[in-house]
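Spelled out, the chains give:
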Protein chains: 4
Amino acid sequence: MGIWGADEAAALAALGLHALQHRGQEAAGIVSHSVEGFRQHKGLGLVGDVFNDPRVIASLPGRSAIGHNRYATTGATLLRNVQPLFAEFEFGGLAVAHNGNLTNAETLRKVLVRRGCIFQSTTDSEVFVHLIAISLYETVMDRLIDAVKQVKGAYSLVALTSDMMIGLRDPLGVRPLILGRLPHSGAWVLASETCALDIMGAEFVRDVEPGEIVVIDDAGVRSIKPFSPVSPRFCVFEYIYFARPDSVLEGHPVYTARQKIGVELARESAVDADVIVPVPDSGVPAAMGFAMESGIPFEMGIIRNHYVGRTFIEPTDHIRHLGVRMKHSANRVVLEGKRVVLVDDSIVRGTTSRKIVDMVRAAGATEVHMRISSPPTRHPCFYGIDTPEESKLLAATHDLASMAEVIGVDSLAFISFDGLYRALGHEGRDAMAAGYCDACFTGDYPIELVDKEGRLVA
Amino acid sequence: MGIWGADEAAALAALGLHALQHRGQEAAGIVSHSVEGFRQHKGLGLVGDVFNDPRVIASLPGRSAIGHNRYATTGATLLRNVQPLFAEFEFGGLAVAHNGNLTNAETLRKVLVRRGCIFQSTTDSEVFVHLIAISLYETVMDRLIDAVKQVKGAYSLVALTSDMMIGLRDPLGVRPLILGRLPHSGAWVLASETCALDIMGAEFVRDVEPGEIVVIDDAGVRSIKPFSPVSPRFCVFEYIYFARPDSVLEGHPVYTARQKIGVELARESAVDADVIVPVPDSGVPAAMGFAMESGIPFEMGIIRNHYVGRTFIEPTDHIRHLGVRMKHSANRVVLEGKRVVLVDDSIVRGTTSRKIVDMVRAAGATEVHMRISSPPTRHPCFYGIDTPEESKLLAATHDLASMAEVIGVDSLAFISFDGLYRALGHEGRDAMAAGYCDACFTGDYPIELVDKEGRLVA
Amino acid sequence: MGIWGADEAAALAALGLHALQHRGQEAAGIVSHSVEGFRQHKGLGLVGDVFNDPRVIASLPGRSAIGHNRYATTGATLLRNVQPLFAEFEFGGLAVAHNGNLTNAETLRKVLVRRGCIFQSTTDSEVFVHLIAISLYETVMDRLIDAVKQVKGAYSLVALTSDMMIGLRDPLGVRPLILGRLPHSGAWVLASETCALDIMGAEFVRDVEPGEIVVIDDAGVRSIKPFSPVSPRFCVFEYIYFARPDSVLEGHPVYTARQKIGVELARESAVDADVIVPVPDSGVPAAMGFAMESGIPFEMGIIRNHYVGRTFIEPTDHIRHLGVRMKHSANRVVLEGKRVVLVDDSIVRGTTSRKIVDMVRAAGATEVHMRISSPPTRHPCFYGIDTPEESKLLAATHDLASMAEVIGVDSLAFISFDGLYRALGHEGRDAMAAGYCDACFTGDYPIELVDKEGRLVA
Amino acid sequence: MGIWGADEAAALAALGLHALQHRGQEAAGIVSHSVEGFRQHKGLGLVGDVFNDPRVIASLPGRSAIGHNRYATTGATLLRNVQPLFAEFEFGGLAVAHNGNLTNAETLRKVLVRRGCIFQSTTDSEVFVHLIAISLYETVMDRLIDAVKQVKGAYSLVALTSDMMIGLRDPLGVRPLILGRLPHSGAWVLASETCALDIMGAEFVRDVEPGEIVVIDDAGVRSIKPFSPVSPRFCVFEYIYFARPDSVLEGHPVYTARQKIGVELARESAVDADVIVPVPDSGVPAAMGFAMESGIPFEMGIIRNHYVGRTFIEPTDHIRHLGVRMKHSANRVVLEGKRVVLVDDSIVRGTTSRKIVDMVRAAGATEVHMRISSPPTRHPCFYGIDTPEESKLLAATHDLASMAEVIGVDSLAFISFDGLYRALGHEGRDAMAAGYCDACFTGDYPIELVDKEGRLVA
């Protein structure tokens, strides 16, 4: 999230981060710049907790600011790991925030430490910062290009200097980054999703392109394309689960994509049932599509408790044994005596699905059928989505029948690849001109996994 | 919320309070009892914030506990106002928590202060506590009955002594209170709604009856009925808005009631439109009913941001002017170029409705029609629901046409009284054997408003 | 501590509490009164911690204020036990703070609870508050007199209403209370010791007399003497240890009293030695007097660490075994090879004395003689000084020789009663016209110990 | 402060820091090492506040630990500036803490930033860390020597790796560092003063020598002397004010040194008076020496309030005007009607002295003479003692007579240089074989002030 050229830029950045809260709930931070220099504030928790004091916002003056929500894929969340990272260079200050994962971060880190660089955090972003610091080039932009040519991975990045704001997507464009503009002030906005524009009344201008660097200063927006063009691979899981339903990514409204997947799913895996029930909230549009196509009524048979936070006490074994349902509860009047189709976005370990199925049966469902709006998740993501290792992925170790048994359903079906891509407007997976990254389903990793494969030179 | 006879009673009470979080988010407290005596813990904030530390739960030992979520109808939320209130009496300790409002609390308070009672809080509950303390009767139960005969109002109450747990509803049964039981331990549960049973796997036993006192101890449940029977007046707004959709109150599933209201509303106030859009979350079932009956597609055209907390920074005027939408955002793909029917539960001041309508129009809706699943709110509630004074209620000062103008809609309609009560299974308002309290719509207040009317003797 | 008639009364009260910090370090509180009513702030810890924020002081407006430092004689320090206590009565608000102990508090409490009073704290002050609340008299003053006639004990009390500030000493005047005045504003000050006047540049007016009530309002100071006069019994331990050396109590400078006790002690219990060493800080003046009289050099052979707070980590057994000295350290250059006379104010359990003696020997002292500036402490205090029960008082269970052995000294001597009272200007204990309370040394308790003796009617 | 080879090393380090609290009260930190790697804890405030929780100590396992108290000479105290600093290098982890100031830190910092080093703090210690990181040498020790040869300044340093603890004094030995040993375990201790040994029962082994590196590992202590020997210049102000009186530095007990200065001062600047009064606490030994030599009685005429913390509310102008005395109060009985000699350690700005003199006069002193146990402070210290710039030093801008007038005394005298050095056992300043740093009195700076003089190459 970044703002250039607006009064109270930090307050706008906080708003944008709030709209993007679903992309990371561990911690939040903002760096702003004014004539007084750079100021930062970071904290653990939700945006609304970290930026809940008007004095905090007042301590971040200036007309430019970048911010970040932390979504931890590994390790403890320490304050020093919260982005944006800021450093003073010979050429001045630079703040950096990124979304995604580098696949050669560990490898580069070893090289940099050997060279005398001292790391303060365990974040990939600090690799960028050191690469920029030691680059032999003169200008910030040359140093940034020098740095991004050395990293591999799936990432979008925003950076702020005293003179400009920079936005950048990796060459394959795996993670999203969009450009918007505030109507009256003409201020520029960079954000991961369009919903961050909507919250502040900004207009969508365009997606930043894969491999593109946009440089925003008071003269406007410049585009730099330091990479040779390759076929993009946008993360298909953003459509299935990660992005907010009211966002529009790469031209596709997420909500419509999910509904269409539900329609395809109903065509592929019809079932004779009384009611279509989404696992809220992410399963709702697909369940609506499924209901529409199948003609079976759509009902909110599962209620989500919206007050669940990260801090609630872990129940003891004694209490867990009672079948505690912290996050979801069954709406008995919808389920009792019914043949139920549950629609969810994915099955990872299978434990949550099992609990939900048990709860639905305990509420009196006579049959429970599960329909999943993604293909089976068989491989971990190394590109920015938190997934367990392969051995813990139910679909990596079980066939469809035994998955159904583990989860306790009468039938189980996943969307096919062709169905998925048809829903996104293509003829099917093989027929696509522009591709997606679907490595978590296929194992087809489009970016080298340097750290994982232990090679010192990528 | 109360638990009697279960290991880790306080942990179960915390679970129940979590399920009842929608009934009050200001503060939470639990008092437990064990051989070591009474222990309490209270704090400002959500249940998950107040009881987020296993050591806190461990500090509340015992097999009985009562808890409370604070829903402030007036004044500042201070720690000393957080329930349950606990006091040591000659006969031993007593903890009390109640839901609702006394209508003669101020009047009784003046009398008690004149008599030498010292109040530590500004809660109605403390009136109960002092009435019990000064009662000339011997036993706790006699003193409690002595006390409840002096108070007027709409309330449900749970109390805990070293020997028993007590549950009580006011004579008209305005506020709910239900009794449940845990399957294996046989422990008893009192709670405002059935969803608190579901979260811990407890079974619904029955509603506590209006005017009934249930006394729970190791011998089981006893019923005392100290009042002469009157026709009950359950709060109809619990069905419309306040209760959770998966709860069942007085035999009616809340979800079904809301859907049926939507059906009635569609029959009464049909409109030619392209899409039915709920104002989430409370408007969802009614919108589904409306869509079902009208045949117009139901779509999630408004997305609710579930991370909104009470602490988020208030935007400055400058930023508010941008049209900031902290809580809801428009899902443009559903709204653009469409004739939209918005379904919401009520209109209070009208300001929120206006913002939502503006947002929907800004997203491209060509027409916006508003349908409300309650009659116009014309009178304040003195019985436990937080409403502004009459002069601030839009429906108290505007006719339908000018309300539509204020809100900015093309058409506006409310459910009729007959439609509302048909949805609840009656022939209509006049035909009901058992009545409801609908004073906020009708001004027909079934319980004397002693404090309001300034009479010293009720 | 109380202020009447000064701008920023709460800030002055905080200053006075700071000067009186030695009388209680557990917690601090201030209640102020202005046209906006009564405001209070309380917290656990030192005055400087509780009142460290200008906004806190600003939240206590008005020209009158009373404050209190908590010195816990028993039980846990909870916020609700922190004084001043404030309550709303029929006649208006009243804040009360007291220093000392009631000897019939438990007995009165039982009676009050039986009558229907609900206690929120475990402090003696709340007994006053309830007695005032239930008094049948009309005016505050009559109710206060009604209350103080029912309590027994050793206490000084300040109270604040919207109209006046009240100061009061128990009939025997066991605990101190002095009246002062600010030079320019003419504002009145009540405090336990004169050092609270000095810090704010106020002038000493007079001691409040035993059994006297002073009533301060805008018309000046009125004196009420509701008790029949009895021979006063001021606490002699205030001179020996409790009061600050720069205070003047009942006409005697504390510093001079301590030095003279040292002189008498040197006369009574001379010893051939090389150096006189005080146990700082309270032993310093007596050691100076001892050195002066004996002609032996005075040296700071023990250094006190002034950063010791209540919160420092308790050393584990392993580390304690190393002979850790958190509070005092030996100044080897003064002690090595010397015959040392240690001068301290009292021996309670003997454990601290033992540690200090060991430390002095470890620093190379060839002989260690201990001289104590009080008689042996053989009885607990029930009048406001925290002492352990009798069985834990070393002097209650050991004769002089075995005390010397326990403590590890070559010789041990205490001041005699005659020496003590000569130092205070009398001929000796038996010859005194006006007496002192020296119950901790003699067991001669001048006020009935009602609670201790278990009588229901005092 | 450092510990090598003891169980609960972090707890011992906390004890030592507590004994050294007078050297820095802004913040405290400890890094420990065990088989689990390095762990750290840091916080703002006193040692007892930062390490007040047994769980904090338990989170610092291992048999080696170093710790630091922050004494801020400039700038805001931020957590990231709190030492020890820790960094991961190619060769493993290294923690560093130092006492003192580098005089070329800014200059080196600019060079390092230009080279690509990223600084996270504004501390001099981080310069060490980066110099070590980028050194071309292989071993830690070679890199450390490489680093210390590049820095200039007055500093003592302790460092910890997984294999050894290192202690180091600058070539002139301006700041102290001593080596001690625990009797039973044989664990080694490094600390700034011997009082840190006494608190844990450790024995003094020797001073680390100027320019010496001591390397402590399980094989014992090795000494490395990387610098060519020069005449040492120990800070004489450590004796006058900074060190604790019970410490022994460079063979001289601090307490004795201060007393002897008092003796010399009495000889040089006798005055006919009634009483010798120290400004506590640092003036006490010198006042005792003065009293001894002059034969005039020594009295505690000023009482220090030991509860003064850094956080107390700043009085408003209104209240300050009353002559508030937060830190010291006058003991009137000692001062009234007397000719008073005040003995203090130094005069810096003169404002504190003026306040004390006014207070003493207000308490009735007929004459006030001031005797100072140091020469006039005319120059700022760049070697680790916090002093204001020259223009704010009273003695830099006033002659003796006008200083006396500013302070309001009847006479004023400072110790002479010869008197000062005689007290330390020398014939006088010119006759000393081994010198001291007395730059704050003489302006004779023994170490180049590189940053101050703005030279890029030192």
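Cut-offs used in this document
Residues numbered from 1 in each chain as written. Chains lettered and ligands numbered in written order. Predicted model: local features only at pLDDT ≥ 70, side-chain atom pairs only at ≥ 80, totals over all residues. Heavy atoms only, no water. UniProt positions renumbered as here; feature names shortened; annotations may be inferred. Pairing = 2+ DSSP bridges. Helix = DSSP H or I, 4+ residues; strand = E, 2+ residues; numbered from the N terminus. Axes fitted to C-alpha atoms, helices over the stretch in contact; angles between N-to-C directions. Contact = heavy atoms within 4.5 Å. Domains from an automatic or database assignment. Buried area = accessible area lost by both parts, 1.4 Å probe. Salt bridge = Lys/Arg side-chain N within 4 Å of Asp/Glu carboxyl O. Polar contact = N/O pair within 3.5 Å; in protein donor to acceptor, adjacent residues only side chain to side chain. Parallel < 35°, antiparallel > 145°, perpendicular 65-115°, else oblique. Left-handed = near helix turned anticlockwise from the far one by under 90°. Nonpolar A, V, L, I, M, F, W, Y, C, P; charged D, E, K, R; others polar. Buried < 20%, exposed > 50% of the residue type's maximum accessible area, 1.4 Å probe, protein only. Least-squares fit on C-alpha atoms with pLDDT ≥ 70 in both.

Looking up chain A in an unreviewed UniProt entry gives the name Amidophosphoribosyltransferase, with the organism given as Acidomonas methanolica NBRC 104435. Per its UniProt entry, chain A bears the Sequence similarities (unreviewed entry) comment "In the C-terminal section; belongs to the purine/pyrimidine phosphoribosyltransferase family." The annotation that UniProt attaches to chain A under Pathway (unreviewed entry) is "Purine metabolism; IMP biosynthesis via de novo pathway; N(1)-(5-phospho-D-ribosyl)glycinamide from 5-phospho-alpha-D-ribose 1-diphosphate: step 1/2."

Student: When you look at the sheet that holds strand E20 (residues 339-344) of chain C in this model, what are you seeing that I'm missing?
Tutor: Across a sheet, paired strands are connected by hydrogen bonds in the backbone, their directions being either parallel or antiparallel. All names here are of chain C. Pairing within the open sheet is parallel, and its four strands lie in the order E17-E20-E21-E22. If you trace the sheet from one side to the other, it starts and ends with strand E17 (275-278) and strand E22 (411-414), each paired once. When the angles between neighbouring strand axes are averaged without regard to direction, this sheet yields 20°. Across four bridges, the pairing between E17 and E20 is parallel. Bridging across to E20, Val-275 finds its partner in Val-340. Those strands touched by helix H10 (residues 284-294) are E17, E20 and strand E21 (367-372), and its axis lies near 165° from that of E17.

Student: Hey, could you run me through the domain arrangement of chain A in this one?
Tutor: Accessible area lost upon the coming together of the parts is a frequently used measure of interface size. All names here are of chain A. The domains assigned to chain A are domain 1 (2-230) and domain 2 (238-456). Computed over C-alpha atoms only, the centres of domain 1 and domain 2 are separated by 31 Å. Every contact between the two is made by 30 residues of domain 1 and, on the other side, 24 residues of domain 2. When the buried surface of domain 1 facing domain 2 is broken down by residue, Tyr-71, Thr-103 and Thr-107 rank first, second and third, together holding 22% of it. Seen at the junction of domain 1 and domain 2, the total is four salt bridges. Remark: the boundary between domain 1 and domain 2 carries 18 residue pairs in polar contact (both at pLDDT 80 or more). Those elements giving two or more residues to the side of domain 1 that touches domain 2 turn out to be strand E6 (92-102), helix H4 (105-114), strand E7 (153-160) and helix H7 (195-198).

Student: So what exactly am I meant to see when it comes to the sheet that holds strand E9 (residues 178-181) of chain A here?
Tutor: Residues and elements named next belong to chain A. Taken together, the seven strands give an open sheet; going across it, the order is E3-E2-E4-E1-E10-E9-E11, and neighbouring strands pair in antiparallel fashion. Both edges of this open sheet fall to strand E3 (37-44) and strand E11 (203-207), since each of them pairs with a single strand only. Strand after strand, the sheet turns through a mean of 15° between neighbouring axes, direction not considered. One ladder, built from seven bridges, connects strand E2 (residues 27-34) with strand E4 (residues 64-70); its direction is antiparallel. The residue of E4 that forms the bridge with Val-31 is Ile-66. Docked against the sheet, helix H1 (residues 9-19) engages strand E1 (2-4), E2 and E4, running at close to 25° with respect to E4.

Student: Which parts of the structure should I look at to understand the packing of helix H4 (residues 105-114) of chain C against helix H5 (residues 124-134) of chain C?
Tutor: In a pair of packed helices, the angle between the axes and the distance between the axes together describe the arrangement. All names here are of chain C. Look at H4 against H5: their axes get within 10 Å of each other, and the N-to-C directions meet at 40°. In terms of orientation, H4 lies oblique with respect to H5. For the crossing formed where H4 meets H5, the hand is left-handed. Residues Ala-105, Leu-108 and Leu-112 of H4 form the contact with H5, whose own contacting residues are Asp-124, Val-127, His-130, Leu-131 and Ile-134. The residue inventory of the contact of H4 with H5, partitioned by class, reads six nonpolar, one polar and one charged.

Student: Help me understand H10 of chain C in this model?
Tutor: An α-helix turns once per 3.6 residues; consequently, residues spaced three or four apart project the same way. Of all eleven residues making up H10 of chain C, eight are buried, and the element is well covered by its neighbours. Those residues of H10 of chain C lying buried are Val-284, Pro-285, Ala-286, Ala-287, Met-288, Gly-289, Phe-290 and Ala-291 of chain C.

Student: Would you mind going over the relation of the copies chain B and chain A with me for this structure?
Tutor: Here the second copy of the chain follows from the first by a rotation about an axis and a shift along it. Taken as rigid bodies, chain B and chain A are interconverted by a rotation of 180° and an axial shift of 0.0 Å, the fit giving an RMSD of 0.0 Å. What the superposition gives is, in effect, a two-fold axis relating one chain to the other. Considering only C-alpha atoms, the residue of chain B closest to the rotation axis is His-306 of chain B, which sits at 3.2 Å. Both copies present the same face, since 100% of the interface residues in chain B are matched by interface residues at the equivalent positions in chain A.

Student: Just checking my understanding: could you explain the UniProt feature "binding site: [4Fe-4S] cluster" (unreviewed entry) in chain A for this structure?
Tutor: Residues and elements named next belong to chain A. Feature annotation in UniProt assigns "binding site: [4Fe-4S] cluster" (unreviewed entry) to the following positions: Cys-235, Cys-381, Cys-437 and Cys-440. A compact arrangement is adopted by the annotated residues: their sequence extent is 206 residues, whereas the largest C-alpha distance between any two is 10.3 Å. Residue class for Cys-235 comes out buried when judged on its relative accessible area of 6%. Sequence-distant contacts of Cys-235, defined by excluding residues within four places in its chain, comprise Val-174, Arg-175 and Cys-437. As for its position among the elements, Cys-437 is in strand E23 (residues 435-437). Excluding residues within four positions of it along the chain, Cys-437 makes contact with Arg-233, Phe-234, Cys-235, Val-236, Tyr-383 and Pro-446.

Student: How should I be thinking about the interface of chain B and chain A in this particular structure?
Tutor: Each side of the interface is counted separately: chain B has 59 residues, and chain A has 59 residues. Together chain B and chain A conceal approximately 4900 Å² of surface at their shared face, both sides included; 64% is due to carbon and sulfur atoms. Summed over the shared surface of chain B and chain A, the result is zero salt bridges. Joining chain B to chain A, the criterion identifies twelve residue pairs in polar contact (both at pLDDT 80 or more). The set of elements that each furnish at least two residues to the side of chain B that touches chain A consists of helix H1 (9-19), helix H2 (47-50), helix H3 (54-58), helix H9 (254-268), helix H10 (284-294), helix H11 (317-320), strand E19 (328-330) and helix H12 (332-335) of chain B. At six residues, H1 of chain B tops the list of elements feeding residues into the side of chain B that touches chain A. A breakdown of the residues in the side of chain B that touches chain A according to their chemical character gives 32 nonpolar, 17 polar and ten charged.

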